[in-house]
Amino acid sequence: MKMSDKSELSINDDFPYEYIIGGSDKLSADYIVEQFKSSILSDKFPAGYMLPNENTLCEKLGVSRSTLREAFKVLSSYGLITRTKHGTYINGSEDFNSSLVLDYHFECSDIMEMLEFRKIFEPELAYLAAQNANTDDIMELKKLIMKIKGLEGNPSALSYNDVAFHSMIARCTHNRLFISIMKLVSDTYYKGIKMQFETIDQINDLPPVEATIYYHNRIFDSILLKDSKAAAIAMKEHMEATIKSVEKQKNMQE
């Protein structure tokens, strides 16, 4: 939206203060950033929406001017708001930082959406990893497989190790774009994988940990032998088996 268009908008008095405050007693700059980010990316504000002035926001939110300005500085760097001498405005989506938008949608995706993404994305990573992995990469993958064997009964540690294994496969590709995407989605991966270890009884008639070790070994062996096709197939079957188990669990709960 052009600045001339923004100047024609009137100040809004319907600002959702309660949503920004949420359940917090004391708002930090980081908290304000997250609340505004969520509101803007979920389209709670139209493009060009003029925020209340600093004094009003500080009073209603119970924060200092320095805290609000710190938050606005971050939001501005994300491309979410524009600050002018006439006021602070919500930007249109064309101005948003693209990686921020992608990260938000990954955070908001449900487990099936994430698994569907992984089913398409990760077999290609495994395929390329089998071509490009070096000796150090292979050793690191083997270490991660060995670690998971002693973590049964600890969903948090299992999930962390699982994410580390799949992230290492991305690093084995030696493709900076794939590595960056994996870093971007790793937190969402962790939440989904932890939920699987906590709630799913079996994957392909095996306890989740045993099934994970089985598929990780298949993927590792294929990468070790530089068999790209076998690595991609093993990864795809890993994802398909997990999807099937999640769907089964969901149906049982309905």
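What comes next is a walk through the structure.

What counts as what
Residues numbered from 1 in each chain as written. Predicted model: local features only at pLDDT ≥ 70, side-chain atom pairs only at ≥ 80, totals over all residues. Heavy atoms only, no water. 1 Å grid on protein atoms, 1.4 Å probe; cavity = no way out; pocket = protein on both sides within 12 Å on 5 of 7 lines; lining within 4 Å. Points joined across faces, edges and corners; volume = space filled by probe spheres on them. Helix = DSSP H or I, 4+ residues; strand = E, 2+ residues; numbered from the N terminus. Nonpolar A, V, L, I, M, F, W, Y, C, P; charged D, E, K, R; others polar. Axes fitted to C-alpha atoms, helices over the stretch in contact; angles between N-to-C directions. Parallel < 35°, antiparallel > 145°, perpendicular 65-115°, else oblique. Left-handed = near helix turned anticlockwise from the far one by under 90°. Contact = heavy atoms within 4.5 Å. Buried < 20%, exposed > 50% of the residue type's maximum accessible area, 1.4 Å probe, protein only. Pairing = 2+ DSSP bridges. Polar contact = N/O pair within 3.5 Å; in protein donor to acceptor, adjacent residues only side chain to side chain. Arc of directions from axis to C-beta.

**A look at empty space enclosed by the protein**
This structure, assessed with the given rule, holds one cavity of 30 Å³ or more. Of the volumes computed, that of the largest cavity is approximately 100 Å³. Around the largest cavity, the lining comprises 13 residues; the ones closest to its centre are Asp 162, Gln 196, Thr 212, His 238 and Thr 242. Contributing elements (two or more residues each) for the lining of the largest cavity: α7 (111-132), α9 (155-172), α10 (176-199), α11 (208-224) and α12 (228-253). Considered class by class, the residues forming the lining of the largest cavity number six nonpolar, five polar and two charged.

**Some words on the packing of helix α3 (residues 29-41) against helix α5 (residues 65-77)**
Here α3 crosses α5 at 45°, and the two axes come no closer than 8 Å. Regarding the angle of α3 to α5, the classification is oblique. α5 is crossed by α3, and the crossing has right-handed handedness. When α3 is examined against α5, the residues Ala 29, Ile 32, Val 33, Phe 36 and Lys 37 are found in contact with a partner set consisting of Thr 67, Glu 70, Ala 71, Phe 72, Val 74 and Leu 75.

**Overview of the pairing of strand β2 (residues 87-90)**
Side-chain alternation along β2 places Gly 87 and Tyr 89 on one buried face and Thr 88 and Ile 90 on a second face that is also buried. In the sheet, strand β1 (residues 81-84) pairs with β2 via four bridges, with the strands oriented antiparallel. Within β2, the position partnered with Arg 83 by the bridge is Thr 88. Two successive antiparallel strands, β1 and β2, enclose a turn made up of two residues.

**Considerations on the side chain of Ser 245**
Mapped onto the secondary structure, Ser 245 falls in helix α12. A residue is classified by how much of its surface remains accessible, and Ser 245, at 8% relative accessible area, is buried. A polar atom in the side chain of Ser 245 sits 3.1 Å from the backbone oxygen of Gln 202. Contacts of Ser 245, omitting those with residues within four sequence positions, involve Ile 200, Gln 202, Ile 203 and Asn 204.

**Description of helix α4 (residues 54-61)**
All of the buried residues in α4 are Glu 54, Leu 57, Cys 58 and Leu 61. Seen end-on, α4 carries its buried residues on one side only, within an arc spanning 95°. Where the residues of α4 are buried, they touch α2 (17-21), α5 and β1. Positive backbone phi, approximately 70°, marks Gly 62, located one or two places after α4.

**Structural notes on unusual backbone geometry**
The phi dihedral of Asn 204 falls on the positive side, at around 55°, and the residue is not glycine. Assignment of secondary structure puts Asn 204 in the loop between α10 and α11. Asn 204 sits in the partly exposed class, given a relative accessible area of 43%. A positive phi angle, near 55°, is found at Lys 226, a position not held by glycine. Within the secondary structure, Lys 226 is located in the loop between α11 and α12.

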